[in-house]
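Here's the letter readout for the chains.
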Amino acid sequence: MSLLVQKFGGTSVGSVERIKAVAEKVAGFHRDGHDVVVVVSAMSGETNRLIGLAQQIQEQADPREYDVLVSTGEQVTIALLCMAFKAIGCDARSYTGGQVCILTDDKHTKARIQEIDDSRIRADLSAGRVVVVAGFQGNDADGNITTLGRGGSDTSAVAIAAALKADECQIYTDVDGVYTTDPRLVEDARRLERITFEEMLEMASQGSKVLQIRAVEFAGKYKVPLRVLSSFEDGPGTLISLEDDNQMEKPVVSGIAFNRDEAKITLKGVPDRPGSASNILGLVAGANIEVDVIVQNVGHEGSSDFSFTVHRNDLKSAMDLLLSARENLGVAEVICDDGIAKIALVGVGMRSHAGVAALMFKALGDEGINIHMISTSEIKITVIIDEKYLELAVRSVHAAFEMEKEPEEQVS
Ligand code: ADP
Ligand code: ASP
Ligand code: MG
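What this report covers is the structure whose coordinates are included nearby.

1. Here we look at the sheet that holds strand β20 (residues 380-386)
The strand order across the open sheet formed by 4 strands is β13-β18-β20-β19, and the pairing between neighbours is antiparallel. Looking along the sheet, the strands with just one partner apiece sit at the ends: β13 (255-259) and β19 (373-377). Taking the axes of each pair of neighbouring strands and ignoring which way they run, one obtains an average angle of 20° across the sheet. Judged from the 5 bridges that link them, β19 and β20 form a sheet pairing that is antiparallel. Bridge assignment links methionine 373 to a residue of β20, and that residue is isoleucine 384. Sheet strands touched by helix α7 (residues 197-205): β13, β18 (340-346), β19 and β20. Its angle to β18, the strand with the most contacts, is close to 175°.

2. Quick look at the site of ligand 1
Close to ligand 1 lie 17 residues, the nearest being Thr173, Asp174, Tyr179, Asp182 and Arg184. Between an oxygen atom of ligand 1 and a side-chain N or O atom of threonine 173, the distance comes to 2.7 Å. Separating a nitrogen atom of ligand 1 from a backbone N or O atom of tyrosine 179 is a distance of 2.9 Å. Coverage of ligand 1 by the protein amounts to 83% of the 570 Å² it exposes when considered alone. Grouping the amino acids of the shell around ligand 1 by side-chain chemistry returns 6 nonpolar, 6 polar and 5 charged.

3. Details of the nonpolar core
Val5 and Ile160 are the most contacted members of the largest nonpolar core, which has 43 residues in total. Sort the elements by how many residues they give to this core and helix α6 (residues 153-164) lands first, with 7 residues.

4. Examining the pattern of salt bridges
Summed over the entire model, instances satisfying the criterion amount to 27 salt bridges. Of the charged contacts in the structure, one is a salt bridge between aspartate 292 and lysine 342, with a shortest N-O distance of 2.4 Å. You can see aspartate 292 sitting in strand β15 (residues 291-298) and its partner lysine 342 sitting in strand β18, a full 50 residues away along the chain. For aspartate 292, a relative accessible area of 32% gives the class partly exposed. On the basis of relative accessibility, which here comes to 1%, the residue lysine 342 falls in the buried class. Residues joined by salt bridges that share partners form a network here, namely Asp91, Arg93, Asp124 and Arg129.

5. Some points on the site of ligand 2
If you check the shell around ligand 2, you find Ser41, Ala42, Thr47, Glu74, Phe136, Arg150, Gly151, Gly152 and Ser153 and nothing else. A distance of 3.0 Å separates an oxygen atom of ligand 2 from a polar atom in the side chain of serine 41. A distance of 2.9 Å is found between an oxygen atom of ligand 2 and a backbone nitrogen or oxygen belonging to glycine 151. Here ligand 2, which alone exposes 260 Å², has 86% of that area covered by the protein. Residue composition of the shell around ligand 2, by class: 2 nonpolar, 5 polar and 2 charged.

6. Some words on unusual backbone geometry
Of note, the phi angle at cysteine 101 is positive, near 55°, even though the residue is not glycine. Using a relative accessible area of 39% as the deciding quantity, one classes cysteine 101 as partly exposed. Phi is positive for glutamate 402, close to 50°, though the residue is something other than glycine.

7. Section: the sheet that holds β15
On the basis of which strands lie adjacent, the open sheet formed by 4 strands has the order β15-β16-β14-β17 and antiparallel pairing. The open sheet has two edge strands with one neighbour each: β15 and β17 (333-337). Averaged over all adjacent pairs, the angle separating strand axes in this sheet is 15°, with direction ignored. Relative to strand β16 (residues 303-311), strand β14 (residues 262-271) runs antiparallel, the two sharing 8 bridges. Of the residues in β16, the one forming a bridge with proline 271 is serine 303. Set on the sheet, helix α9 (residues 276-286) makes contact with β14, β15 and β16; between it and β16 the angle comes to about 25°.

8. Observations regarding the packing of helix α3 (residues 63-70) against helix α4 (residues 72-87)
Between α3 and α4, the least distance of the axes is 5 Å, while the angle of their chain directions is 20°. As far as their axial angle goes, α4 and α3 are roughly parallel. Along the contact surface, α3 presents Val68, Leu69 and Val70, while α4 presents Thr72, Gly73 and Glu74. Its residues placed into classes, the contact of α3 with α4 shows 3 nonpolar, 2 polar and 1 charged.

Quick notes on the rules
Residues numbered from 1 in each chain as written. Chains lettered and ligands numbered in written order. Predicted model: local features only at pLDDT ≥ 70, side-chain atom pairs only at ≥ 80, totals over all residues. Heavy atoms only, no water. Pairing = 2+ DSSP bridges. Helix = DSSP H or I, 4+ residues; strand = E, 2+ residues; numbered from the N terminus. Axes fitted to C-alpha atoms, helices over the stretch in contact; angles between N-to-C directions. Contact = heavy atoms within 4.5 Å. Near = heavy atom within 4 Å. Polar contact = N/O pair within 3.5 Å; in protein donor to acceptor, adjacent residues only side chain to side chain. Areas by Shrake-Rupley, 256 points an atom, 1.4 Å probe, with all protein chains shown as cover. Nonpolar A, V, L, I, M, F, W, Y, C, P; charged D, E, K, R; others polar. Core = buried A, V, L, I, M, F, W, Y, C linked by side-chain atoms within 4.5 Å. Buried < 20%, exposed > 50% of the residue type's maximum accessible area, 1.4 Å probe, protein only. Salt bridge = Lys/Arg side-chain N within 4 Å of Asp/Glu carboxyl O. Parallel < 35°, antiparallel > 145°, perpendicular 65-115°, else oblique.

Treat this as a map of the structure, not an account of what it does.
As structure tokens, then:
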């Protein structure tokens, strides 16, 4: 019999009825003889509600207190779920992250897990109990409560699975697997049987919120077998696998990720000399602001335009910083645009195929969609476009690559 870590997201525990259904589902695995550790999120909407409360008091909440506040959402779920287990005669125990020694660094609101002492969990499993752990949280070395960033319960689950060397980490959610793109945007998106860690990592980092990026990183690093499944219906879900052993059936592209979370900053009239880009980005990095797509257009007359994207939440701080440093940087003008969106086409098959970018750009061009920025890697092509064209762009690229069809039926 196997050791399973099963994670249930916000929608899956969104009401008392759903919590009872989760208890029934997990108890079934337990009755079949599996050892089960359950990791849960806050009930849907709860984390946003808590953040809303904080914002009514402080525009930028104090990070330590933010973590104390938002971690309560998961604590409610673990207790209710354990009550639901007991009500159906299944022995279970709930624990906060700190209680099962999930040690993180001290970077409040985006802490990273460093270590997990699995002894308490193992003792309960040996005693025949289901163990229920609050996702999204841990403690730093001084015992302060920390949280792992939005969507962080996925990472808690994978980290616990790695620590316990679980047979599989199962992420139960409100879709029945990973699709070629968000099925809420493209109706004929197709569920993938499997996707490699490498591709999943690109999908997550380019905006596919079905799995938190760090969860995928962790699973790849510690070789945790990871599967995304539906909480509400039975099915095979999607396996995130180390290598694709079935290369024959591998399509050129696997998926399209997108996000609306970024904004573009452009510096005009940047001196065209060594060190300019480093001065600009050094300033931004110094304020702990992450930069994503970067483009430089060298003009004539010794100056260039330099554009990059940042998270929309960081736009104001980045603009304040750059505007006050404008003269020192020798830059003529600093402007920004928060009406943009990012689309990324991902697939390990791109490595061995030419013409992928051309087909993607043709699909966008045929719809009259202008591309503002382009960035590529071996397995990904990212473009920045106007946000108002996002849906149309994703649909037309999806159709151009016939992603709705099974790989063997695709022409490209
Ligand atoms: P949970 O609350 O269970 O963690 P999330 O909302 O974080 O669930 O993630 C599931 C959602 O991810 C789906 O409802 C879907 O809209 C979205 N999503 C985005 N991209 C994809 C994709 N490629 N495949 C499946 N779901 C996706
Ligand atoms: N409750 C947290 C959030 O909403 C963590 C999670 O759901 O994974 O971001
Ligand atoms: Mg999630």
